[in-house]
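Secondary and tertiary structure notes
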Amino acid sequence: MSTPLKFYQVGSFAVGNRLLGDDQLSVQSRSDRTNSLTSGHRACQGCGEALGARYVMDAAMAATDGKVIAVNATGCLEVFSTPYPETSWRLPWMHSLFGNAAPVATGVAFALKAQGRSDIRVVAQGGDGGTVDIGFGPLSGMFERNDDVLYVCYDNEAYMNTGVQRSGATPPAARTNTTHAVGANPGASFTQGKNLPKIAMAHGIPYVATASVSDLHDLEAKVTKAMSIRGARYLHVLVPCPLGWGTRSEETIKLARLATESGLFPIYEAEYGTITERKKIRKQVPVDEYLQIQKRFAHLFGPKGNREYLNAIQAIADRNIAEFGLLGDAE
Amino acid sequence: MLQQIEGSKAVAETVAACMPDVVCAYPISPQTHIVEALDELTRLGKIGNCQFINVESEFSAMSVAIGSSATGARTYTATASQGLLFMVEPVYNASGLGLPIVMTVANRAIGSPINIWNDQSDSMSQRDSGWIQLYAQDNQSAADLHILAFRLAEELSLPVMVCMDGFILTHAMEEIDVAEPELVQKFLPKFTPRQVLDPQDPVSIGAMVGPEAFTEVKYLGHFKQLKALEIIPELSQEFEKVFARSAGGPDDYKGLVTKYHLEDAEVVLVALGSVLGTIKDAVDEHRKNGVKAGAMGITSFRPFPLDEVRKSLKHAQKIVVVERAFAPGVGGIVSSNIRTALSGIDIKMSTVVAGLGGRPITLKSISELVDKALYGSLPEFSFMDLDVELVERELERNLLTRRSGPMAENLLKDLGSR
Ligand SMILES: Cc1ncc(C[n+]2csc(CCOP(=O)(O)OP(=O)(O)O)c2C)c(N)n1
Ligand code: SF4
Ligand SMILES: [Mg+2]
């Protein structure tokens with residue numbers, strides 16, 4: 001009897017392929033991966049978005065026999081990937097505007113339907129700003145119509161392309177260039193936030209999942225699953241941004257993992273509005289551990305720190321843990 | 001086939017005969033009847049495998065059209081007024097990308113104040129969006145121009161707006177010869193896109209372009225517009241051969257303009273759209289009285305047929321441009337283009353803003369314009385049938401008190417109390 005494999009061998013979850021059989025290898029470790037977003041692009045070192053997008057698109061390509069059309073919102077991913085005459089995209093790719101990736105993808109999907117090309121699939125992608133803010137209405141429309149589109153949000157928790165400004169996905173207390181860490185209430189406000197995976201679930205679409213670049217096997221698996229389903233699908237990927245978060249390039253994966261292990265970024269899957277899988281926290285960490293290595297939260301630490309804010313953020317993590325049942329043994 | 005049919009319905013059936021692959025729409029008066037009819041035609045299987053998509057906003061309507069057109073599908077949408085403004089960002093995007101989308105604009109005023117009735121300030125606001133703009137003078141041409149529009153758009157890889165006056169045309173019942181699909185097929189070949197999203201031959205579309213090539217990309221957009229000035233006459237001729245009528249309607253000249261008694265005309269009225277009907281009646285009236293009046297319509301406003309306009313107007317003594325929109329703070333929009341066409345020629349020209357927000361343009365008012373133009377009492381810029389007293393009373397109220405209240409509501413209250 002073989003022992004079920006767990007990907008704990010290294011802290012990053014990133015290695016471990018050598019222990020797997022051919023059929024379990026990640027898409028990225030296969031020699032026939034498509035390199036859909038190939039090297040040479042202009043992302044910052046350690047960019048979580050570049051990493052996430054490469055895994056997502058290669059997995060989507062692997063799942064569709066290389067028949068993917070990608071639509072991109074304006075944002076870092078779009079800008080760093082197409083410094084024309086160079087393009088990093090090795091698949092048909094289109095960028096139109098900041099807020100319309102979802103409806104452009106809808107247009108692609110329906111054109112393919114009219115042409116009887118059901119074998120070709122569409123993936124739309126955008127940053128958190130393009131998704132939760134300016135593209136929110138159109139995205140909701142795409143969900144509501146259940147158009148045959150996989151929409152992927154790369155959440156780096158701010159408008160990075162324009163130089164790090166607050167978005168509807170910026171976490172409380174985070175410093176951005178429009179939520180400076182000065183004054184009576186430093187950093188982003190403690191508002192409701194806009195939890196798009198939950199909002200997507202409320203549309204009752206066939207598939208919603210969250211994922212993180214700290215668990216790339218899981219990310220690939222979710223893309224693969226999403227591509228096996230027809231209709232509107234939503235994947236929300238946490239992608240740390242060294243520039244905007246003020247973090248070390250080599251700590252991108254670690255940060256993504258701490259976000260999950262602290263309970264601030266729950267990882268789960270839902271079908272037709274009901275949660276079907278959640279990833280248990282393996283070793284819970286206090287939010288401090290995640291926050292203190294990020295310059296955007298520096299004002300919360302040190303002699304002039306802000307315990308009250310840290311407690312409030314811990315409370316958010318605790319609420320997530322309770323709501324999603326993130327503690328306990330893996331199911 | 002000749003039939004008694006509503007303008008919107010005639011347009012819908014003509015668009016259907018063009019066999020679009022994708023139609024997307026968001027409702028707004030007075031465009032609604034067009035897309036309602038297209039929904040029904042799609043469901044009845046009258047448009048092959050056409051996909052009809054009800055989107056959640058005009059911004060998405062044009063965005064869906066962009067994605068669809070870039071995937072090689074013949075794509076159509078329609079809008080008006082606030083809807084056109086709501087989609088401005090993707091409207092510019094579509095022309096910048098060179099996507100041959102065809103869109104009907106059922107011309108309607110722009111708020112505030114909110115007003116559902118006809119004028120042309122909506123499409124005029126997009127005159128420099130890079131789209132070709134064709135204006136229909138009646139319902140037959142409104143329908144026919146769509147066939148021309150698809151052919152033109154696809155030949156040039158440039159989007160085309162067909163502008164038809166809201167209600168006056170969209171909701172009018174008339175006898176129309178709705179083009180037979182077999183004839184349309186003869187005129188409109190299968191769509192062969194210049195650029196297409198295709199896994200077999202992957203391309204990137206929509207990359208950032210910096211100073212090194214931006215001017216050239218924009219120049220090519222301009223170049224294509226100028227090319228359209230050559231192609232529209234050719235296509236119009238071909239259209240006439242296939243359908244035995246001109247796409248631009250009565251008095252059409254090469255699909256670019258319409259000319260009515262221009263040969264010896266001393267006073268020429270210039271306009272776009274349905275008002276040309278009234279204007280021609282006024283011309284007839286004056287001709288009966290021995291006045292050498294004439295009329296010129298502009299079918300292709302973008303590209304603007306500078307040469308044709310110049311040739312048509314250079315012998316006139318007085319020109320009156322009747323405009324259903326204007327440029328606040330300056331004056332006429334169409335007239336400034338006509339001035340460009342007539343540069344170096346000294347002809348007296350007056351701009352009259354008429355029919356804003358659905359105000360009727362009467363034969364009487366148009367006829368008077370000719371008299372006034374002849375006797376030199378028509379100012380360079382004026383508003384037809386402006387209720388001067390109503391305006392003056394509001395200006396007085398403004399002087400009396402700082403907090404004079406909302407302007408539009410004041411005017412209505414004033415009118416209601418009289
Ligand atoms: C209509 C419009 N408004 C604003 C912008 C400017 N803009 C371009 S990218 C961007 C931020 C993108 O943020 P996000 O979607 O989070 O992507 P990121 O760059 O962070 O990956 C903004 C504000 C724009 N291009 N278009
Ligand atoms: S700013 Fe952030 S998201 Fe943008 S390229 Fe750099 S690391 Fe990536
Ligand atoms: Mg972002």
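Fair warning: this is a prediction, and the values are worked out from it, not measured in the lab.

Parameters and conventions
Residues numbered from 1 in each chain as written. Chains lettered and ligands numbered in written order. Predicted model: local features only at pLDDT ≥ 70, side-chain atom pairs only at ≥ 80, totals over all residues. Heavy atoms only, no water. Helix = DSSP H or I, 4+ residues; strand = E, 2+ residues; numbered from the N terminus. Rg over C-alpha atoms; globule rule 2.2 N^0.38 Å. Buried < 20%, exposed > 50% of the residue type's maximum accessible area, 1.4 Å probe, protein only. Contact = heavy atoms within 4.5 Å. Areas by Shrake-Rupley, 256 points an atom, 1.4 Å probe, with all protein chains shown as cover. Pairing = 2+ DSSP bridges. Axes fitted to C-alpha atoms, helices over the stretch in contact; angles between N-to-C directions. Donors = N, O, S within 2.8 Å, 3.2 Å for Na, K, Ca; no water. Salt bridge = Lys/Arg side-chain N within 4 Å of Asp/Glu carboxyl O. Near = heavy atom within 4 Å. Polar contact = N/O pair within 3.5 Å; in protein donor to acceptor, adjacent residues only side chain to side chain. Core = buried A, V, L, I, M, F, W, Y, C linked by side-chain atoms within 4.5 Å. Domains from an automatic or database assignment. Phe/Tyr/Trp six-rings, centres within 6.5 Å; stacked < 30°, edge-to-face > 60°. Nonpolar A, V, L, I, M, F, W, Y, C, P; charged D, E, K, R; others polar. Parallel < 35°, antiparallel > 145°, perpendicular 65-115°, else oblique. Left-handed = near helix turned anticlockwise from the far one by under 90°. Patch = residues over 30% accessible without salt bridge, like charges linked within 9 Å, V, L, I, M, F, W, Y side chains within 5 Å. Lys, Arg positive; Asp, Glu negative; His and termini not counted. Charge placed at Lys NZ, Arg CZ, Asp CG, Glu CD.

Turning to the overall build of chain B, a few remarks are in order. Of the regular secondary structure elements, chain B holds 15 helices and 17 strands. Over its C-alpha trace chain B gives a radius of gyration of 22 Å, about what one expects of a compact globule, namely 22 Å for 418 residues. Across the 418 residues in chain B, those meeting the buried criterion constitute 56%. A separation threshold of at least 6 residues defines the contact pool for chain B, and within that pool the share at least 24 residues apart is 80%. Within the structure as shown, chain B displays about 17,700 Å² of accessible surface, and the carbon and sulfur contribution to it stands at 54%.

As a further point, take the sheet that holds strand β12 (residues 267-271) of chain B. Residue and element names in this part refer to chain B. Strands sit in the order β10-β11-β13-β12-β15-β16-β17 across an open sheet of seven strands; the sheet is mixed. The open sheet has two free edges, formed respectively by β10 (252-253) and β17 (381-383), since each of these has just one partner strand. With respect to the sheet, helix α11 (residues 306-313) is in contact with β10, β11 (257-260), β12, β13 (293-298) and β15 (318-323), its orientation differing from that of β11 by roughly 10°.

Glancing now at the coordination of the magnesium ion (ligand 3). Residue and element names in this part refer to chain A. In this structure, Asp128 (OD), Asn156 (OD1) and Ala158 (O) serve as the protein donors to the magnesium ion (ligand 3), at separations of 2.0 to 2.1 Å. Considered as a linear motif, the donors of the magnesium ion (ligand 3) on their single chain read D-x27-N-x1-A. Assessed through its relative accessible area of 3%, alanine 158 is described here as buried.

Attention now moves to the interface of chain B and chain A. At the interface, 34 residues of chain B touch 36 residues of chain A. A salt bridge links glutamate 56 of chain B to arginine 145 of chain A; the shortest N-O distance between them is 2.9 Å. Of all the elements in the fold, those that place two or more residues in the side of chain B that touches chain A are β3 (51-54), α3 (58-70), α5 (88-97) and β9 (204-205) of chain B. Per-element accounting of the side of chain B that touches chain A gives the leading share, eight residues, to α3 of chain B. Relative to β9 of chain B, strand β2 (residues 93-95) of chain A is paired through two bridges, and the arrangement is parallel. Across the sheet, residue methionine 94 of chain A finds its bridge partner in β9 of chain B, namely isoleucine 205 of chain B.

Our focus in this paragraph is the environment of phenylalanine 86 of chain B. Residues and elements named next belong to chain B. Mapping phenylalanine 86 onto the fold places it in helix α4 (residues 81-86). With 194 residues separating them along the chain, phenylalanine 86 and lysine 280 place their C-alpha atoms 35 Å apart. Once residues lying within four places of it in the same chain are set aside, the contact partners of phenylalanine 86 are Ser57, Glu58 and Phe59.

This part is about the site of ligand 1. Taken together, 17 residues are adjacent to ligand 1, and Glu49, Cys76, Gly129, Gly130 and Asn161 of chain A come closest. With respect to ligand 1, the chains having nearby residues are chains A and B. Separating an oxygen atom of ligand 1 from a backbone N or O atom of glycine 129 of chain A is a distance of 2.8 Å. Between asparagine 156 of chain A and ligand 1, the recorded distance is 3.1 Å, taken from a side-chain N or O atom to an oxygen atom. In isolation ligand 1 offers 590 Å² of accessible surface; the protein chains occlude 78% of this area.

Right, let's talk about the pattern of salt bridges for a bit. Summed over all chains, the structure comprises 38 salt bridges over all chains. A salt bridge links arginine 42 of chain A to glutamate 86 of chain A, with the nearest nitrogen and oxygen atoms 2.9 Å apart. Of the two residues, arginine 42 of chain A is situated in the segment before α1 (48-63) and glutamate 86 of chain A in the loop between α2 (76-81) and β2; the sequence distance between them amounts to 44 residues. In this structure glutamate 86 of chain A comes out as partly exposed when scored by relative accessible area, which is 41%. A salt bridge links arginine 151 of chain B to glutamate 155 of chain B, with the shortest nitrogen-to-oxygen separation between them at 3.2 Å. With arginine 151 of chain B and glutamate 155 of chain B both in helix α7 (residues 139-156) and four residues apart, this pair spans about one turn of that helix. Classification of arginine 151 of chain B as buried rests on a relative accessible area of 11%. We classify glutamate 155 of chain B as partly exposed; its relative accessible area is 38%.

All right, on to the nonpolar core then. What tends to happen in soluble globular proteins is that the nonpolar side chains get buried as a cluster. With 136 residues, the main nonpolar core has Tyr234 of chain A together with Leu38, Met62, Tyr76 and Ile338 of chain B as its most contacted residues. Here this core spans two domains, and each of domain 1 (2-243) and domain 2 (256-383) of chain B adds at least three residues to it. The residues contacting methionine 62 of chain B, other than those within four sequence positions of it, are Thr77, Met87, Pro90, Val91, Ala94, Ile101, Met103 and Trp131 of chain B. Membership of the second largest hydrophobic core comes to 39 residues, among which are Ala211, Val237, Val239 and Ile253 of chain A.

Take the environment of asparagine 337 of chain B next. All names here are of chain B. Along the chain, asparagine 337 falls in helix α12 (residues 334-341). With 28 residues separating them along the chain, asparagine 337 and valine 309 place their C-alpha atoms 9.6 Å apart. Asparagine 337 has contacts with Phe301, Arg302, Phe304 and Leu306, leaving out every residue within four places of it along the chain.

In total, this model carries 18 aromatic pairs over all chains according to the counting rule given. Geometrically, the ring pair formed by tyrosine 151 of chain A and tyrosine 234 of chain A is stacked, given 6.2 Å between the ring centres and 20° between the ring planes. You can see tyrosine 151 of chain A sitting in strand β4 (residues 150-155) and its partner tyrosine 234 of chain A sitting in strand β6 (residues 233-238), a full 83 residues away along the chain. By relative accessible area, which is 0% here, tyrosine 234 of chain A ends up buried. On the numbers, 6.2 Å between centres and 90° between planes, the contact of tyrosine 135 of chain B with phenylalanine 301 of chain B is edge-to-face. Within this pair, whereas tyrosine 135 of chain B is found in strand β6 (residues 132-135), its partner phenylalanine 301 of chain B is found in strand β14 (residues 300-302), the two being separated by 166 residues in sequence.

Residue and element names in this part refer to chain A. Looking at ligand 2, the residues that line it are Ala43, Cys44, Cys47, Cys76, Phe80, Asn156, Cys241, Pro242 and Leu243. Secondary-structure elements contributing two or more residues to the shell around ligand 2 are α2 and α8 (242-245). The class makeup of the residues in the shell around ligand 2 is eight nonpolar, one polar and no charged.

By the assigned domains, chain B splits into domain 1 (2-243), domain 2 (256-383) and domain 3 (390-417). Distance between the C-alpha centres of domain 2 of chain B and domain 3 of chain B: 33 Å.

Turning our attention to the packing of helix α3 (residues 101-114) of chain A against α3 of chain B. Where α3 of chain A meets α3 of chain B, the axes come as close as 6 Å, and the angle between the chain directions of the two elements is 50°. What the angle tells us is that α3 of chain A and α3 of chain B run oblique. Relative to α3 of chain B, α3 of chain A is oriented so that their crossing is right-handed. Contacts between α3 of chain A and α3 of chain B involve Pro103, Val104, Thr106, Gly107, Val108 and Ala111 of chain A on the former and, on the latter, Ser60, Ser63, Val64, Ile66, Gly67 and Ser68 of chain B. Its residues placed into classes, the contact of α3 of chain A with α3 of chain B shows six nonpolar, six polar and no charged.

Turning next to the pairing of strand β7 (residues 268-271) of chain A. Residue and element names in this part refer to chain A. Here two bridges tie strand β5 (residues 207-212) to β7, and the two strands are oriented antiparallel to one another. Within β7, the position partnered with alanine 209 by the bridge is glutamate 269. Taken together, the four bridges between β7 and strand β8 (residues 274-278) define a ladder with antiparallel strand orientation. Bridged to alanine 270 within β8 is isoleucine 275. Connecting β7 to the antiparallel partner β8 that follows it, the hairpin turn spans two residues, and tyrosine 272 within it adopts a positive phi of roughly 45°.

Residue and element names in this part refer to chain B. Where like charges cluster on the molecular surface, the negative patch consists of Asp387, Glu389, Glu392 and Glu396. By the element assignment, glutamate 392 lies in helix α14 (residues 388-400). Classification of glutamate 392 by relative accessible area gives partly exposed; the value is 45%.

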